[in-house]
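Residue-level listing of the chains:
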Amino acid sequence: MVKTNDYQMAIDLLCCHLGLSEDEAKKQLGISSEDNTQKRIIETQSALMGLNQDK
């Protein structure tokens, strides 16, 4: 899980200057933790399963 405290200044800048919500700012920074991580895990598992089926 990503520590948002490390990115809080960047999140605040995106929210204030671009009018983004906090979730949108996190997505722009690539730190939307749970959804993004789960998506990557599923993609990796699918790719690995595809490799195993070819053999």
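Scope of this entry: the structure provided in the associated data block.

### Observations regarding the packing of helix 1 (residues 8–18) against helix 2 (residues 22–29)
Phase 1 of the analysis: Their axes nearest at 9 Å, the elements helix 1 and helix 2 cross at an angle of 120 degrees. For the element pair helix 1 / helix 2, the angle class is oblique. For helix 1 against helix 2, the interelement crossing comes out right-handed. The segment helix 1 lies against helix 2, with A10, I11, L14 and C15 engaging E22, A25, K26, Q28 and L29.
Phase 2 of the analysis: Split into classes, the residues belonging to the contact of helix 1 with helix 2 amount to 6 nonpolar, 1 polar and 2 charged.

### Digging into the pattern of salt bridges
Phase 1 of the analysis: Tallying each qualifying case throughout the model produces 1 salt bridge.
Phase 2 of the analysis: Where K26 meets E22, a salt bridge forms, and the shortest distance between an N and an O atom there is 3.5 Å. Here K26 and its partner E22 are both found in helix 2, 4 residues apart, which amounts to about one turn of the helix.
Phase 3 of the analysis: Residue K26 is classed as buried on the basis of its relative accessible area of 17%.
Phase 4 of the analysis: Residue E22 is classed as partly exposed on the basis of its relative accessible area, which comes to 40%.

Reading the values: the criteria
- Here the residue index of a chain counts from 1 through its sequence in written order.
- Reporting in this predicted model follows two pLDDT cut-offs: at least 70 for local features of residues, and 80 or more for side-chain atom pairs to be given and counted; totals over whole chains, interfaces and linings ignore these cut-offs and use all residues.
- By convention in this description, side-chain values take in all heavy atoms of the structure and omit both hydrogens and water.
- Lines are fitted to the C-alpha atoms to define the axes, a helix being fitted only along its stretch in contact, and any angle between axes, read from their N-to-C directions, falls within 0 to 180 degrees.
- Segments assigned H or I by DSSP are reported as helices when at least four residues long, segments assigned E as strands when at least two residues long, and all are numbered from the N terminus.
- The labels follow the angle: roughly parallel below 35 degrees, roughly antiparallel above 145, roughly perpendicular from 65 to 115, and oblique for the rest.
- In this scheme the handedness of a crossing depends on how the near helix is turned from the far one: anticlockwise by less than a right angle means left-handed, clockwise means right-handed.
- We call two residues in contact when some of their heavy atoms are within 4.5 Å.
- Each residue is assigned to one class: nonpolar for Ala, Val, Leu, Ile, Met, Phe, Trp, Tyr, Cys and Pro, charged for Asp, Glu, Lys and Arg, and polar for all the others, Gly among them.
- Basic side-chain nitrogens of Lys or Arg form a salt bridge, by our definition, when they fall within 4 Å of a carboxyl oxygen of Asp or Glu.
- Three exposure classes are used, based on accessible area relative to the maximum for each residue type with a 1.4 Å probe and protein chains only: buried under 20%, partly exposed in between, and exposed over 50%.

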